[in-house]
Amino acid sequence: MNNFTEVSESFSLAEAIKEAQRCLNCKVPGCKKGCPISNDIPEWIAELAMGNFGNAMTIINNRSNLPAVCGRVCGHERQCEGNCIRGKKDTAVQIGKLERFVADFDAEAGWRHENIPEKTRGKVAVIGSGPAGLTIAGDLSRQGFSVEIFEMEPEAGGVLMFGIPEYRLPKEVVNREIKKIENLGVKFNLNTTIGKDFTVDKLFEMGFDAIFMGTGTGVPKRLDIPGINHPGVRQGIRFLRRVGMFENGYISRDEVVIGDGDKVAVIGCGNTAMDAARTALRMGASEVTVIYHRDIDKMAALKAEYDDAVKEGVNFLWNTSVVNVEGAEGYKLKSITIKSGDEEKVMPLDNLILAVGSAPASRIVDSTDGIETDERGYVLTREFPYGMTTRKGVFAGGDVANRQATVVHAMQDAKKVAEGIAKYIDAIKMMESIESFD
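Report follows, based on the coordinates. None of these values were measured; they are calculated from a predicted model.

### Some words on the pairing of strand β11 (residues 333-340)
No. 1: Pairing analysis gives 6 bridges linking strand β10 (residues 321-327) to β11, with the strands arranged antiparallel. Residue pairing for β11: E326 is matched across the bridge by S335.
No. 2: Where β10 hands over to β11, the hairpin turn is made up of 5 residues, of which G330 adopts a positive phi near 65°.
No. 3: The pairing of β11 with strand β12 (residues 343-348) spans 6 bridges and is antiparallel. Along β12, the bridge assignment pairs T337 with V346.
No. 4: Here β11 folds back onto β12, and the loop between the two strands holds 2 residues, one of which, G341, carries a positive phi near 65°.

### What to know about unusual backbone geometry
No. 1: Along the chain, F384 connects to P385 via a cis peptide bond; the corresponding omega equals -10°.
No. 2: Tracing the chain through its elements places P385 in the loop between α15 (363-366) and β15 (394-396).
No. 3: For N191, which is not a glycine, the phi torsion comes out positive at approximately 50°.
No. 4: With respect to the element layout, N191 can be found in the loop between β3 (187-189) and α11 (200-205).

### Structural notes on the environment of V400
No. 1: For V400, the position within the fold is in the loop between β15 and α16 (407-437).
No. 2: Counting along the chain gives 22 residues from V400 to Y378, while the straight-line C-alpha distance between them is 5.6 Å.
No. 3: What V400 contacts, discounting residues up to four positions off in sequence, is M213, T215, G216, T217, P360, Y378 and V379.

### Side note on the nonpolar core
No. 1: In this structure, W44, L98, I136, L140, L160 and I421 are the most contacted members of the largest nonpolar core, which totals 74 residues.
No. 2: In contact with W44, other than residues within four places in its own chain, are N39, A56, I59, I60, I95, L98, E99 and V102.
No. 3: Residues F4, F239, L281 and M283 belong to the second largest nonpolar core, which totals 29 residues.

### Let's talk about helix α3 (residues 41-49)
No. 1: Counted residue by residue, α3 has 7 buried out of 9 residues, so it is predominantly covered.
No. 2: Among the residues making up α3, those that are buried are I41, P42, W44, I45, E47, L48 and A49.
No. 3: Close packing links the buried residues of α3 with α1 (13-20), α2 (30-34), α4 (53-61) and α7 (95-109).
No. 4: Looking one or two residues past α3, G51 carries a phi angle of roughly 85°, positive in sign.

### Things to note about empty space enclosed by the protein
No. 1: Within the structure shown, the criterion is met by 3 cavities of 30 Å³ or more.
No. 2: Estimates place the volume of the largest cavity at around 110 Å³.
No. 3: Elements represented by at least two residues in the lining of the largest cavity include exactly α2 and α3.
No. 4: Looking at the lining of the largest cavity, the element that brings in the most residues is α3, giving 3 residues.
No. 5: Of the residues in the lining of the largest cavity, the class split is 12 nonpolar, 3 polar and 2 charged.
No. 6: For the second largest cavity, the calculated volume is near 100 Å³.
No. 7: Elements with a contribution of two residues or more to the lining of the second largest cavity: α3 and α7.

### Structural notes on the packing of aromatic side chains
No. 1: Under the definition given, this model contains 12 aromatic pairs.
No. 2: Plain terms: the ring middles of F4 and Y167 are 6.4 Å apart, the flat faces sit at 40° to each other, and that makes the pair tilted. A residue pair is termed long-range when its members are at least 10 positions apart, and F4 in the segment before α1 and Y167 in the loop between α9 (159-162) and α10 (171-183) qualify at 163 residues. Accessibility assignment for this pair places F4 and Y167 in one class, buried.
No. 3: Following the ring pairs from residue to residue traces out a cluster consisting of Y292, Y306, F316 and W318.
No. 4: Above the plane of the ring of F208 lies K123, whose end atom (NZ or CZ) is 4.6 Å from the centre.

### Structural notes on α1
Since the α-helix advances by 3.6 residues per turn, residues separated by three or four positions end up pointing in the same direction.
No. 1: Of the positions making up α1, those classed as buried are A16, I17, E19 and A20. Looking down the long axis of α1, one finds its buried residues gathered within 165° of arc, a one-sided arrangement. Seen from the buried face of α1, the exposed residues on the opposite side, beyond 90 degrees, are A14 and K18.
No. 2: Looking at the buried residues of α1, the elements they touch are α3, α4 and α7.

### Regarding the state of the cysteines
No. 1: By the definition in use, this model includes 0 disulfides.
No. 2: Here C23 is not disulfide-linked; the sulfur of C31 is the nearest cysteine sulfur, at 6.2 Å.

What counts as what
- Residues numbered from 1 in each chain as written.
- Predicted model: local features only at pLDDT ≥ 70, side-chain atom pairs only at ≥ 80, totals over all residues.
- Heavy atoms only, no water.
- Pairing = 2+ DSSP bridges.
- Helix = DSSP H or I, 4+ residues; strand = E, 2+ residues; numbered from the N terminus.
- Contact = heavy atoms within 4.5 Å.
- Core = buried A, V, L, I, M, F, W, Y, C linked by side-chain atoms within 4.5 Å.
- Buried < 20%, exposed > 50% of the residue type's maximum accessible area, 1.4 Å probe, protein only.
- 1 Å grid on protein atoms, 1.4 Å probe; cavity = no way out; pocket = protein on both sides within 12 Å on 5 of 7 lines; lining within 4 Å.
- Points joined across faces, edges and corners; volume = space filled by probe spheres on them.
- Nonpolar A, V, L, I, M, F, W, Y, C, P; charged D, E, K, R; others polar.
- Phe/Tyr/Trp six-rings, centres within 6.5 Å; stacked < 30°, edge-to-face > 60°.
- Lys NZ or Arg CZ within 6 Å of the ring centre and 35° of its normal.
- Arc of directions from axis to C-beta.
- Disulfide = S-S within 2.5 Å.

Listed below in structure tokens is the structure:
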């Protein structure tokens, strides 16, 4: 099944308009309340229903820098669509597919909607180009700030590029959204690692007024299971990253490790676990089993992602734990021992994938004075200006500050941090002008 073609199909033009016309344009729209970034959903759907695609895109751009991404990977069933009034008696309006349609249609048309202001308000460095970093860059660039992104990978996009599989989020879509951010005047510095190539102090010396850390959580959490450190045990986020690197031509097939005919198990039941399981099948695994220590109704994954995994042949073991890992030579396992209730049994296995969460890397914190973290390594931030760390002028948001969630939740947090950065820079510029006047 190694086919990474996008699974979900787009609306046709006629289908999109017909679906948009189902919207009731509620006076108190539950869909907007359910959207973490408060997208003006009824407004742009009304424009779409009348065939005003450019107007719809303009309204979306007011709140979202990544509509083609959000239209594909947001948890619509728990957010906008889950709060759609039509869903109470009928079927919710398919808001995600409509947003995706508008973004894709707009990109193909090549329309331009914005007059970008001169970059005279201040200079901001953004570390990391995932959803949070791109949101910060887009929002501040639109407000007249000069923004540069520093990304350690050879391509921008972070988790969007190397963490979400191609069949859910095509890389051409990510590249298209990044190009939109670039067209706002944002500069991208790739293959550049802060804490190694540059320090935070060096960035301030280069004239940046504020710095945003959007580096995510790159260090996988470990489980206390005998044999868990065997090389045949893969970390979910690293496995997905390696597949993404392979698909983009940066590493060889052998470096992915999981291959044809392998029996694979995944510990965990969030969306990363679903992605890892479905990707393992696409890389040639003959059998993939998700092992979760709780019931199905406690899983963190979206129901739609679970349904797709089942449809593709992923097996599930509920209320089951792995209690031992038996390794073989090289990168292969021999077996794992699983326990359900009082019963234990040995399960032959080639590879085990852990999808149980991750923690922040410490490279930036260790190379910078004044940035404090909690006992788990998450960066501490304040409420005013929102997102600023204990180091003046350094801000953080999303996963690295332990505000973990989905792509759109990272965007939600980043929008608040962008406001905090703008207020901070405006304040210091005002103080500088007062001091120069004196």
